[in-house]
Amino acid sequence: METKILKMNPFDIDFKKINIAAEIIKLGGLVVFPTETVYGLGANALNENAVKSIYKAKGRPSDNPLIMHFDKLEKIKDFVYISENLYEKIKVFIPGPITFVLKRKNIVPNIITANMDTVAVRIPIHPIANKLIEMSGVPIAAPSANLSGKPSPTIAEHVVEDMKGRVDIIIDGGNVDFGLESTVIDLTEDIPTILRPGPITPENLKEVFGEIKIPEFIYGKGKVDTAKAPGMKYRHYAPDKKTILVEYSENRIDIIKKIIKNYKNPLLVLFEEDKKYFNGYDIITSGNKNDYYKIAVNLFSILRTADKTNNDVIIIEGVKDKGLGISIMNRLRKASSEIWGE
Ligand code: AMP
Ligand code: MG
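What you see as residue numbers is a count from 1 along each chain, following the sequence as written. Just so you know, chain letters begin at A and ligand numbers begin at 1, following the order they were written in. The predicted origin of the model limits local features to residues at a pLDDT of at least 70 and limits the giving and counting of side-chain atom pairs to 80 or more, whereas totals for whole chains, interfaces and linings rest on all residues. Only hydrogens and water are set aside; all other atoms, that is, all heavy atoms of the structure, feed into the side-chain values.

Each helix corresponds to a stretch of at least 4 residues labelled H or I by DSSP, and each strand to a stretch of at least 2 residues labelled E; elements are numbered beginning at the N terminus. When you line up the elements, Arg-331 lands in helix 10 (residues 324-335). Here, residues are in contact when the closest pair of their heavy atoms is within 4.5 Å. Discounting chain neighbours no more than four positions away, the residues touching Arg-331 are Leu-180, Glu-181, Ser-182, Arg-196, Pro-197, Gly-198, Tyr-237, Leu-299 and Phe-300.

Looking now at the packing of aromatic side chains. Pairing of aromatic side chains requires ring centres within 6.5 Å, counting the rings of Phe and Tyr and the six-membered ring of Trp. Pairs whose planes differ by under 30 degrees are stacked, by over 60 edge-to-face, and all others tilted. Overall, the coordinates contain 4 aromatic pairs when judged by the stated rule. With a centroid separation of 5.4 Å and 50° between ring planes, the pair formed by Phe-70 and Phe-79 is classed as tilted. Neither residue differs from the other here; Phe-70 and Phe-79 are each classed as buried. Between Phe-93 and Phe-209 the ring centres are 6.1 Å apart and the planes differ by 20°, which places this aromatic pair in the stacked class. With Phe-93 in the loop between helix 3 (84-91) and strand 6 (98-104) and Phe-209 in helix 7 (residues 202-209), the pair connects residues that are 116 residues apart, well separated along the chain. The same class applies to Phe-93 as to Phe-209, namely buried. The ring of Tyr-87 is capped by Lys-77, whose NZ or CZ atom sits 4.0 Å from the centre of that ring. Working rule: Lys NZ or Arg CZ, within 6 Å of ring centre, within 35 degrees of ring normal, means a charge sits over the ring. Above the plane of the ring of Phe-278 lies Lys-257, whose end atom (NZ or CZ) is 5.8 Å from the centre. The rule is simple: take the accessible area with a 1.4 Å probe, protein chains only, and divide by the maximum for that residue type; under 20% is buried, over 50% is exposed, in between is partly exposed.

Our next topic: the packing of helix 9 (residues 292-308) against helix 10. Axis geometry follows a simple rule: fit a line to the C-alpha atoms, using only the stretch in contact for helices, then measure angles between N-to-C directions, giving values from 0 to 180 degrees. Contact geometry of helix 9 with helix 10 gives a least axis separation of 9 Å together with a crossing angle of 20°. Classed by the angle they form, the pair helix 9 and helix 10 counts as roughly parallel. Here the hand of the crossing between helix 9 and helix 10 comes out left-handed. Residues Tyr-292, Tyr-293, Ile-295, Ala-296, Leu-299, Phe-300 and Leu-303 of helix 9 touch helix 10, and the partners they reach there are Leu-324, Gly-325, Ile-328, Arg-331, Leu-332 and Ala-335. Under the scheme applied here, ten amino acids are nonpolar (Ala, Val, Leu, Ile, Met, Phe, Trp, Tyr, Cys and Pro), four are charged (Asp, Glu, Lys and Arg), and all others, including Gly, are polar. The residue makeup of the contact of helix 9 with helix 10, split by class, is 11 nonpolar, 1 polar and 1 charged. An angle counts as roughly parallel when it lies under 35 degrees, as roughly antiparallel when it exceeds 145, as roughly perpendicular when it falls between 65 and 115, and as oblique in every other case. The hand of a helix crossing depends on one turn: near helix anticlockwise from the far one by less than a right angle means left-handed, and clockwise means right-handed.

So, about helix 3. Buried within helix 3 we find Leu-86, Tyr-87 and Ile-90. End-on, the buried residues of helix 3 take up no more than an arc of 105°, which puts them together on one face. Among the structural elements, strand 6 and helix 7 are those in contact with the buried residues of helix 3. What the arc describes is the spread of directions from the helix axis to the C-beta atoms.

Spelled out as structure tokens, the structure:
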């Protein structure tokens with residue numbers, strides 16, 4: 001398949017180009033587009049064959065459901081059951097990097113939901129994503145635009161690496177804003193439950209919903225309830241190379257010094273503040289140790305870069321399980337083959 005690449009400035013939208021992509025969606029084709037979280041691989045959510053081709057292009061297991069993307073919140077009402085009370089609450093976050101799991105109506109194709117009675121919906125704020133959905137005139141089903149298991153793409157070059165020849169169009173809109181996939185929150189029970197931590201933090205959610213649940217598996221502990229959080233059982237974001245995560249602690253420098261003795265040629269992913277302890281080693285900087293926004297936005301890109309070097313192992317410093325740090329650590333734990341704590 002020939003893949004067309006359309007370059008676009010998110011702050012100066014080219015409607016003609018978006019229209020080309022929207023026509024492809026209408027015809028049942030595949031379009032990769034930037035969002036505020038990561039790049040998405042989209043198809044007409046109401047066209048079963050188009051949705052099937054998403055799974056094929058990604059090599060994604062079909063028991064891992066997809067998120068349905070809308071341009072406006074009102075439109076979810078045709079596809080899900082939601083109380084007025086809950087609708088008023090979720091408005092606060094819309095549009096933005098958050099996905100709501102709700103009871104579905106029959107019109108939602110089974111292929112999107114992996115045959116469950118719930119569906120995940122999201123309204124992106126990114127101008128290219130939002131306009132593409134609007135001009136397509138249909139909801140767009142879209143997972144992240146990486147090959148299944150690989151780190152999600154945060155720049156168009158990563159999309160091209162994974163998806164060239166597998167999709168009709170790639171819209172290159174430059175860098176994404178957050179670099180982590182949307183927060184997924186299950187609203188089908190009395191107390192909202194986080195299924196995937198993301199840019200919208202537990203603190204943000206508590207302000208609107210009051211009480212919320214954060215299951216143990218979010219922190220890499222306990223068992224995933226795969227009936228509720230189907231995609232979470234898969235190892236994700238993983239570099240091919242051995243990847244060791246060192247959890248945040250006061251002793252982290254000593255722990256890393258101990259680990260590196262076991263390897264010939266390690267690559268260290270370190271906070272700016274910690275580089276001085278490792279002169280002479282190959283180092284990639286993740287950001288200042290408290291700058292979680294920067295660490296998050298660079299995270300997947302760093303994992304991809306680290307995988308391409310000739311080092312024999314990647315050793316990466318973790319952040320505190322706090323606020324946005326919970327989302328960063330969730331991805332790092334899934335990406336790692338080994339985890340060292342205090
Ligand atoms: P991605 O498409 O890579 O952003 O991943 C989407 C994730 O959203 C999936 O892996 C699921 O974990 C989650 N998801 C989608 N639909 C549902 C649903 N109906 N119930 C629970 N989680 C869902
Ligand atoms: Mg993904």
